Amino acid sequence: MFSHLDPYAGDPILSLNEAYQKDPRPHKVNLSIGIYFDDAGRIPVLASVREAEAQMLAAASTKSYLPIEGDPAMRNAVQALLFGADLPALKDGRIVTLQTVGSSGGLKVGADFLRRWLPASEAWVSDPTWDNHRAMFEGAGIRVHTYPYYDAATGGLKFDAMCDALRSLPPRSIVLLHACCHNPTGVDLTRAQWDALVRLLAERGLLPYLDLAYQGYGDGIDDDAYAVRLMASRGLTFIVANSFSKSMSVYGERAGALSFVCTDAREAELVLGQLKATVRRNYSSPPIHAAGIVARVLTDPTLRPQWESEVAAMRERILAMRQRLHAVLAAKVPGRDFGYFLTQRGMFSYTGLTGAQVDRLRDESAVYLVRSGRMCVAGLSMGNVERVAQAFAGVLG
Ligand code: LMR
């Protein structure tokens, strides 16, 4: 029945992470997958999350299904986190939010919805983007194209070329944007660039689809929501898929949400109905445990500030690693400018290493990066950063 199937080539990120797990070399370093590791190389369970779970266990009275759209307390808390509690659009009922199975689940539900209700729209993603964006949109039956983004010559952004490309798109085109901490490059728009881009998106009648997977890892929890709040305050119709995997370090709980900002409450009601229909046909309803963690951590007056300081500590450790890597590399390879490690934000940096150099790092030094040259800076620690820098210098030299 199935012997004609194509073999699965594996996922470029997840398969690499599996290869790393199997590597017996004790000094191996995992800079592949987008997961936050602490300085001891552990994936932490945050104290705020642990406490929320203890409270949930004590209070648990049922494990019934959640509604299709998810837990109301979690959905309200997510809206306040993303949009700010005082946004008029929230009070006007123009925003609908569903709890989803991670932000990946949200991205795919949104893509399925768009294919059904805007069938003529095609999607544009940054060059480069997270590999799975293209796969998800194409999997939903949407044609995917790229717009210019990363400038390899400077390690920065091709903002003018990006705007020129977007300006030429037909109205209702779907424009996928990383709200902060661009994956894979770490190159973000400045606030002035977001302001200009949002004007362009509004003038051209384009449909922004924001992926906010690393909130808190860039400049701060509120700062990283700048693009979301700007679009909402300028009256754009747009979509946001957001994740708590990284910001609460709850990867396997699959905690995410999908929000649509609509023109008015009537449209929002219609959107919510069809999103529920899409979810029901997919996985029926989201997980109860994820909802409990997110709702408690975001709304409890003790847990919320504790979580915010835990996020700040993770962000600051990554920044410290960026500085350390930059300092060691600048000393070891004096002719080359590594300033991009300092200006790029979030978990990832594009190292500029070629696929062949990445292969050498893995084979000769047990240092694992994605073959595009993307490194997860959160895999660095005080214990390995010098050796990683030495290995980078070796393949660059
Ligand atoms: C990554 O980009 O490494 C993460 O978002 C994990 C994943 O699912 O790819």
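Shown above is the structure to which this text applies.
Bear in mind that the values here come from a model prediction, so they are computed numbers and not experimental data.

### Things to note about the pattern of salt bridges
- If you walk through the whole model with that rule in mind, you get 16 salt bridges.
- The partner of Arg191 in a salt bridge is Asp223, with the nearest N and O atoms 3.2 Å apart. Of the two residues, Arg191 sits in helix α8 (residues 191–204) while Asp223 sits in the loop between β8 (207–212) and α9 (226–233), which places them 32 residues apart along the sequence.
- On the basis of relative accessibility, which here comes to 37%, the residue Asp223 falls in the partly exposed class.
- Each of Asp359, Arg362, Asp363 and Arg371 takes part in salt bridges that share partners, so that together they form one network.

### Points about the packing of helix α14 (residues 355–365) against helix α15 (residues 385–396)
- Close contact between α14 and α15 brings their axes to 10 Å; oriented N to C, the two are set at 130 degrees. When the interaxial angle is binned, α14 and α15 end up oblique. In the packing of α14 onto α15, the handedness of the crossing is right-handed. Of the residues in α15, those in contact with Gln357, Arg360, Leu361 and Ser365 of α14 are Arg387, Ala391, Phe392, Gly394, Val395 and Leu396.
- For the contact of α14 with α15, the residue count by class is five nonpolar, three polar and two charged.

### What about the nonpolar core?
- Ranked by internal contacts, the top residues of the largest apolar core, which has 139 residues, are Phe83 and Phe392.
- Broken down by element, this core gets its largest block of residues, nine residues, from helix α12 (residues 303–332).
- In this structure Phe83 touches Leu90, Ile95, Val228, Arg229, Ala232, Phe238, Val240, Ser259 and Val261, once residues within four positions along its chain are discounted.

Basis of the calculations
- Every chain is numbered independently, its residues counted from 1 as its sequence is written.
- Given that the model is predicted, a residue must reach a pLDDT of at least 70 before its local features are reported, and side-chain atom pairs must reach 80 or more before they are shown or counted; all residues, however, enter totals for whole chains, interfaces and linings.
- Hydrogens and waters are ignored; side-chain quantities use all the structure's heavy atoms.
- Salt bridges are defined as contacts in which a side-chain nitrogen from Lys or Arg sits within 4 Å of a carboxyl oxygen from Asp or Glu.
- Runs of E in the DSSP output that reach at least two residues are strands. Runs of H or I that reach at least four are helices, and both are numbered from the N terminus.
- Each residue gets one of three labels from its accessible area relative to the maximum for its type: buried under 20%, exposed over 50%, partly exposed in between, using a 1.4 Å probe on protein chains only.
- Note on method: axes are straight lines fitted to C-alpha atoms, helices fitted across the in-contact stretch only, with angles between N-to-C directions ranging 0 to 180 degrees.
- Throughout this description, any angle smaller than 35 degrees is read as roughly parallel, any larger than 145 degrees as roughly antiparallel, any in the 65 to 115 degree range as roughly perpendicular, and the remainder as oblique.
- Should the near helix be turned anticlockwise from the far one by less than a right angle, the crossing is left-handed, and should it be turned clockwise, the crossing is right-handed.
- The contact criterion used is simple: two residues touch if any of their non-hydrogen atoms lie within 4.5 Å.
- Amino acids are sorted into nonpolar (Ala, Val, Leu, Ile, Met, Phe, Trp, Tyr, Cys and Pro), charged (Asp, Glu, Lys and Arg) and polar (every other residue, Gly among them).
- Nonpolar cores are built from buried Ala, Val, Leu, Ile, Met, Phe, Trp, Tyr and Cys residues. Side-chain atoms within 4.5 Å join them into one set.

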